[in-house]
Amino acid sequence: MLALKQEELFKEIEFLPIDIKTKLIDKLLSSITKIDVNIDNIWIDKVAKRKESIEQGKVNLVDGKEVFTKIAKRLNS
């Protein structure tokens, strides 16, 4: 009986919009992993500092494709 309900749930999930799926993932992860607010705050601070550095032109952004192309060349040489 439980297996049938699981399968129904999994089938329903397939049709959910991406924003609902991401909220569901967040809920599932938070239900199995204790949230550490201190770590979250450290990451928020780090992101804010990086954003500020970008906006002030202190760092140069590199296109992701360019990065992966360089990595692939290094690995293949």
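It should be noted that the structure appears before, not after, this text.
To keep things clear, this report deals only with the structure shown in the data block. (Residues numbered from 1 in each chain as written. Predicted model: local features only at pLDDT ≥ 70, side-chain atom pairs only at ≥ 80, totals over all residues. Heavy atoms only, no water.)

**What to know about the overall build of the protein chain**
Here is step 1: What the protein chain contains, in helices and strands, is four helices and zero strands.
Here is step 2: Along the protein chain, from the amino end to the carboxyl end, the secondary structure elements read α-α-α-α.
Here is step 3: Radius of gyration (C-alpha) of the protein chain: 20 Å, far over the 11 Å computed for a compact globule of 77 residues.
Here is step 4: Dimensions of the protein chain, computed from the C-alpha atoms along their principal axes, are close to 60 × 40 × 25 Å.
Here is step 5: With 77 residues in all, the protein chain has 0% of them scored as buried. (Helix = DSSP H or I, 4+ residues; strand = E, 2+ residues; numbered from the N terminus. Rg over C-alpha atoms; globule rule 2.2 N^0.38 Å. Buried < 20%, exposed > 50% of the residue type's maximum accessible area, 1.4 Å probe, protein only.)

**Description of the pattern of salt bridges**
Between side chains of opposite charge, a pair can form when the charged atoms approach closely.
Here is step 1: Overall, the coordinates contain three salt bridges when judged by the stated rule.
Here is step 2: A salt bridge links D45 to K49, with the nearest nitrogen and oxygen atoms 3.3 Å apart. Linking D45 with K49, this pair stays in helix α3 (residues 37-55), spanning four residues, or about one helical turn.
Here is step 3: K51 is the partner of E55 in a salt bridge, and the nearest nitrogen-oxygen pair spans 2.8 Å. With E55 and K51 both in helix α3, this residue pair falls four residues apart, about one helical turn.
Here is step 4: Overall, the relative accessible area of 48% leaves K51 in the partly exposed class. (Salt bridge = Lys/Arg side-chain N within 4 Å of Asp/Glu carboxyl O.)

**Description of a nonpolar patch on the surface**
Here is step 1: There is a patch of nonpolar side chains on the surface, built from V62, V67, F68, I71 and L75 and spanning about 490 Å² of accessible area.
Here is step 2: Within the secondary structure, I71 sits in helix α4 (residues 64-76). (Patch = residues over 30% accessible without salt bridge, like charges linked within 9 Å, V, L, I, M, F, W, Y side chains within 5 Å. Areas by Shrake-Rupley, 256 points an atom, 1.4 Å probe, with all protein chains shown as cover.)

**Focus on α4**
Here is step 1: The end-to-end C-alpha separation of α4 is 18 Å, in line with the 18 Å expected for 13 residues at 1.5 Å each.
Here is step 2: Measuring from the side-chain oxygen of the N-cap residue of α4 to the backbone nitrogen of K65 gives 2.9 Å; that N-cap residue is D63. (Expected span 1.5 Å × (residues − 1). Polar contact = N/O pair within 3.5 Å; in protein donor to acceptor, adjacent residues only side chain to side chain.)

**As for the environment of D63**
Here is step 1: Turning to its location among the elements, D63 is positioned in the loop between α3 and α4.
Here is step 2: By relative accessible area, which is 47% here, D63 ends up partly exposed.
Here is step 3: Within the structure, D63 has its side chain in polar contact with the backbone nitrogen of K65 (distance 2.9 Å).

Taken by themselves, the reported measurements are silent on function.
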